Amino acid sequence: DVKVTQSSRYLVKRTGEKVFLECVQDMDHENMFWYRQDPGLGLRLIYFSYDVKMKEKGDIPEGYSVSREKKERFSLILESASTNQTSMYLCASSSLRQAGSNQPQHFGDGTRLSIL
Amino acid sequence: SQQGEEDPQALSIQEGENATMNCSYKTSINNLQWYRQNSGRGLVHLILIRSNEREKHSGRLRVTLDTSKKSSSLLITASRAADTASYFCATDGGGGNKLTFGTGTQLKVEL
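The model shown is predicted, which means the values in this text are computed figures rather than measured ones.

Overview of the overall build of chain A
Logical step 1: The number of helices and strands found in chain A is zero helices and eleven strands.
Logical step 2: What you see in chain A, going N to C, is helices and strands ordered as β-β-β-β-β-β-β-β-β-β-β.
Logical step 3: Computed over C-alpha atoms, the radius of gyration of chain A comes to 14 Å, within 12% of the 13 Å expected from 2.2 N^0.38 for 116 residues, which places it in the range of a compact globule.
Logical step 4: Dimensions of chain A, computed from the C-alpha atoms along their principal axes, are close to 45 × 30 × 25 Å.
Logical step 5: For chain A, long-range pairs separated by at least 24 residues make up 56% of all intrachain contacts whose partners lie at least 6 apart in sequence.

Overview of the state of the cysteines
All names here are of chain A.
Logical step 1: Enumeration according to the criterion identifies two disulfides over all chains in this entry.
Logical step 2: Note that Cys-23 is cross-linked by a disulfide to Cys-91, the S-S spacing being 1.9 Å. Between Cys-23 and Cys-91, the S-S torsion sits near -80°, and that sign places the bridge as left-handed. Here Cys-91 lies in strand E9 (residues 87-94) and Cys-23 lies in strand E3 (residues 19-25), a separation of 68 residues in the sequence.

A look at the nonpolar core
Soluble globular proteins: nonpolar side chains tend toward being buried together.
Logical step 1: Counting residues in each nonpolar core, the largest one holds 21 residues, and the members touching the most others are Trp34(A), Ile46(A), Leu76(A), Leu78(A) and Tyr89(A).
Logical step 2: At the level of secondary structure, the elements contributing two or more residues to this core comprise E3, strand E4 (31-38), strand E5 (42-49), strand E7 (64-70), strand E8 (73-78), E9 and strand E11 (111-115) of chain A.
Logical step 3: The contacts of Leu78(A), once residues within four sequence positions are left out, are Glu17(A), Lys18(A), Val19(A), Gly63(A), Tyr64(A), Gln85(A), Tyr89(A) and Leu113(A).
Logical step 4: Listed in part, the 20 residues of the second largest apolar core include Ile13(B), Leu32(B), Val63(B) and Leu65(B).

As for the packing of aromatic side chains
Logical step 1: Scanning the model with the defined rule gives eight aromatic pairs over all chains in all.
Logical step 2: Measuring from ring centre to ring centre gives 5.9 Å for Phe33(A) and Phe48(A), while their planes differ by 20°; the resulting arrangement is stacked. One end of the pair, Phe33(A), is in strand E4; the other, Phe48(A), is in strand E5, and 15 residues separate them in sequence. The residues Phe33(A) and Phe48(A) share a single accessibility class, namely buried.
Logical step 3: Note on Phe107(A) and Phe101(B): the rings are 5.9 Å apart at their centroids and 80° apart in plane angle, and the pair reads as edge-to-face. On the criterion of chain membership, the pair formed by Phe107(A) in strand E10 (residues 106-107) and Phe101(B) in strand E10 (residues 100-101) is interchain, its members lying in two chains. The two residues Phe107(A) and Phe101(B) agree in class, both being buried.
Logical step 4: Linked through ring pairs, Phe33(A), Tyr35(A), Phe48(A), Phe107(A), Tyr35(B) and Phe101(B) together constitute an aromatic cluster.

What about the interface of chain B and chain A?
Logical step 1: On the chain A side, the residues contacting the 24 residues of chain B number 25 residues.
Logical step 2: The junction of chain B with chain A conceals about 2,000 Å² of combined surface from both sides, 46% of it contributed by carbon and sulfur atoms.
Logical step 3: Linking chain B to chain A there are one salt bridge.
Logical step 4: Two residues, Arg41(B) and Asp109(A), come together in a salt bridge whose shortest N-O distance is 3.0 Å.
Logical step 5: Inspection of the chain B/chain A interface yields five residue pairs in polar contact (both at pLDDT 80 or more).
Logical step 6: Of the residues in the side of chain B that touches chain A, the class split is six nonpolar, 14 polar and four charged.

Quick word on the confidence of the model for chain B
Logical step 1: Confidence in the prediction for chain B averages 92 pLDDT; 94% of positions are at 70 or higher.
Logical step 2: Within chain B, strand E1 (residues 5-7) of chain B has the poorest average pLDDT of any element, 83, and strand E7 (residues 61-66) of chain B the best, 98.

Re the sheet that holds E8(A)
Residue and element names in this part refer to chain A.
Logical step 1: Read across the sheet, four strands follow the order E1-E3-E8-E7 without closing on themselves; strand pairing throughout is antiparallel. Looking at the sheet topology across the chains shown, the edges are occupied by strand E1 (4-6) and E7. For this sheet, the mean inter-axis angle between neighbouring strands, taken without regard to orientation, is 20°.
Logical step 2: Relative to E8, E7 runs antiparallel, the two being bridged by five bridges. Following the sheet pairing, Val-66 is matched in E8 by Leu-76.

Reading the values: rules and limits
Residues numbered from 1 in each chain as written. Chains lettered and ligands numbered in written order. Predicted model: local features only at pLDDT ≥ 70, side-chain atom pairs only at ≥ 80, totals over all residues. Heavy atoms only, no water. Helix = DSSP H or I, 4+ residues; strand = E, 2+ residues; numbered from the N terminus. Rg over C-alpha atoms; globule rule 2.2 N^0.38 Å. Contact = heavy atoms within 4.5 Å. Disulfide = S-S within 2.5 Å. Core = buried A, V, L, I, M, F, W, Y, C linked by side-chain atoms within 4.5 Å. Buried < 20%, exposed > 50% of the residue type's maximum accessible area, 1.4 Å probe, protein only. Phe/Tyr/Trp six-rings, centres within 6.5 Å; stacked < 30°, edge-to-face > 60°. Buried area = accessible area lost by both parts, 1.4 Å probe. Salt bridge = Lys/Arg side-chain N within 4 Å of Asp/Glu carboxyl O. Polar contact = N/O pair within 3.5 Å; in protein donor to acceptor, adjacent residues only side chain to side chain. Nonpolar A, V, L, I, M, F, W, Y, C, P; charged D, E, K, R; others polar. pLDDT = per-residue confidence, 0-100. Pairing = 2+ DSSP bridges. Axes fitted to C-alpha atoms, helices over the stretch in contact; angles between N-to-C directions.

Here's what the structure looks like:
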């Protein structure tokens, strides 16, 4: 069964801290994604990666960076956490597009991050 | 930018009734996907419909797509309390590896 694992379900950090959110997938997927989910705003894409060491900005990359040193792992980094980054963070993975069509994304259960 | 918009934002029905959710989008697509999210969990893929398809079925789910109106609907027949969740549509914007998700419909199925 496919699995995307996020390192923490709940995390509390302080303003100004550097925060690492980790995501691991066991499906040998090329694509990995980081979203944040806020009430009334749905899911917004922060960054995604389509290969090791490759990354592309999503819709809201400001204040975040990412790292993909291995195919199965995609890390989201909050360089200096701020209270407006309190949110639910979701990681997802998918295989390469086939026949010009996106493949379904598989999600982890999310990390609820609170910045105090 | 948000491309998909679901309607209604919230829906409450009795068990056994059908639930219909709608999604509108703005640009051309290769496919449209529907996902489900139980409270406090990640999203789970339900069904994918390609731009050249008009209707697709999977168990109690029926999805329609009207590319001329840039809209899709998800019908859940004979709903159950376990169907209580948020439902999201997602579009690929006509290319690339990423999806754009709507804001979701919260469905509550009461016994």
